[in-house]
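Examination of the molecular architecture
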Amino acid sequence: MKNVFSSSNRDIVTVDGIFQISDTPTTITTGQQYDKMPIRLVDPTAMTIIMDNKDNPITLTRNKDIALMGSIHIRTADQDDTSVSNPLRYYIYSNESCECD
């Protein structure tokens with residue numbers, strides 16, 4: 001909140017910003033599993049969600065597409081030579097679609 005005003009006949013709050021990420025929000029609870037990532041903690045007061053993969057190790061090898069959670073993936077390069085000086089390349093991505101006109 002940016003500003004709060006209260007009087008006998010009027011209460012006003014100014015909000016600095018509201019962000020909507022999805023038109024279809026998903027309800028989550030502690031213990032839910034999303035591919036490799038379980039939800040460890042949901043704290044609505046602190047507005048935090050903690051997820052990790054400590055019970056689901058992820059091994060990156062060449063030419064793989066690994067579902068991390070939902071539509072978020074890790075894609076590794078199709079490279080023959082990997083070493084300390086030439087480590088395996090990878091990127092994190094999400095498949096999204098748009099109903100654009």
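Here the structure is shown first, and the text comes after it.
Presented here is a report on the structure given in the accompanying data block.

Section: the side chain of glutamine 79
Residue position: glutamine 79 is located in the loop between strand E7 (72–76) and strand E8 (90–94). Side-chain polar atoms of glutamine 79 contact the backbone nitrogen of arginine 89, separated by 3.0 Å. Excluding residues within four positions of it along the chain, glutamine 79 makes contact with Arg62, Asn86, Pro87, Leu88 and Arg89.

Some words on the pairing of strand E6 (residues 65–69)
Examined bridge by bridge, E6 and E7 share four bridges and lie antiparallel to one another. Within E7, the residue paired with methionine 69 across the bridge is isoleucine 72.

Quick look at a nonpolar patch on the surface
On the surface, Leu60, Tyr90 and Ile92 cluster together into a nonpolar patch covering about 310 Å² of accessible area. With respect to the secondary-structure elements, tyrosine 90 resides in strand E8.

Describing the packing of aromatic side chains
According to the stated counting rule, one finds one aromatic pair in the structure shown. On the basis of an interplanar angle of 50 degrees and a centroid distance of 5.7 Å, the ring pair of tyrosine 91 and tyrosine 93 is categorised as tilted. Relative accessible area serves as the criterion here: at 48%, tyrosine 91 is assigned to the partly exposed category.

Quick look at the environment of threonine 61
With respect to the helices and strands, threonine 61 occurs in the loop between strand E5 (48–51) and E6. Linking threonine 61 and threonine 82, residues 21 residues apart in sequence, is a C-alpha distance of 9.9 Å. If we ignore the near neighbours within four places in the chain, the residues touching threonine 61 are Thr76 and Leu88.

Regarding the environment of asparagine 95
Within the secondary structure, asparagine 95 sits in the segment after E8. The spacing of asparagine 95 and glycine 70 is 25 residues in sequence and 9.6 Å in space, taken between C-alpha atoms.

Here's the deal with the sheet that holds strand E4 (residues 37–43)
Pairing is antiparallel across the open sheet formed by three strands, whose spatial order is E3-E4-E5. Looking along the sheet, the strands with just one partner apiece sit at the ends: strand E3 (33–34) and E5.

Describing the pattern of salt bridges
For side chains of opposite charge, pairing can occur when their charged atoms come near one another. Tallied over the full model, the rule gives four salt bridges. One salt bridge connects arginine 40 with aspartate 52, and the closest N-O pair in it is separated by 2.8 Å. With arginine 40 in strand E4 and aspartate 52 in the loop between E5 and E6, this pair connects stretches of sequence that are 12 residues apart. The class for arginine 40 is partly exposed, based on a relative accessible area of 28%. Its salt-bridge partner being aspartate 78, residue arginine 62 comes within 2.4 Å of it at the nearest N-O pair.

Considering the pairing of E7
Two successive antiparallel strands, E6 and E7, enclose a turn made up of two residues, where glycine 70 displays a positive phi of approximately 60 degrees. As judged from the five bridges shared by E7 and E8, these two strands associate in the antiparallel manner. Across the sheet, histidine 73 pairs through a bridge with tyrosine 93, a residue of E8.

About the cut-offs
- Residues numbered from 1 in each chain as written.
- Predicted model: local features only at pLDDT ≥ 70, side-chain atom pairs only at ≥ 80, totals over all residues.
- Heavy atoms only, no water.
- Helix = DSSP H or I, 4+ residues; strand = E, 2+ residues; numbered from the N terminus.
- Polar contact = N/O pair within 3.5 Å; in protein donor to acceptor, adjacent residues only side chain to side chain.
- Contact = heavy atoms within 4.5 Å.
- Pairing = 2+ DSSP bridges.
- Patch = residues over 30% accessible without salt bridge, like charges linked within 9 Å, V, L, I, M, F, W, Y side chains within 5 Å.
- Areas by Shrake-Rupley, 256 points an atom, 1.4 Å probe, with all protein chains shown as cover.
- Salt bridge = Lys/Arg side-chain N within 4 Å of Asp/Glu carboxyl O.
- Phe/Tyr/Trp six-rings, centres within 6.5 Å; stacked < 30°, edge-to-face > 60°.
- Buried < 20%, exposed > 50% of the residue type's maximum accessible area, 1.4 Å probe, protein only.

These figures capture arrangement, not role.
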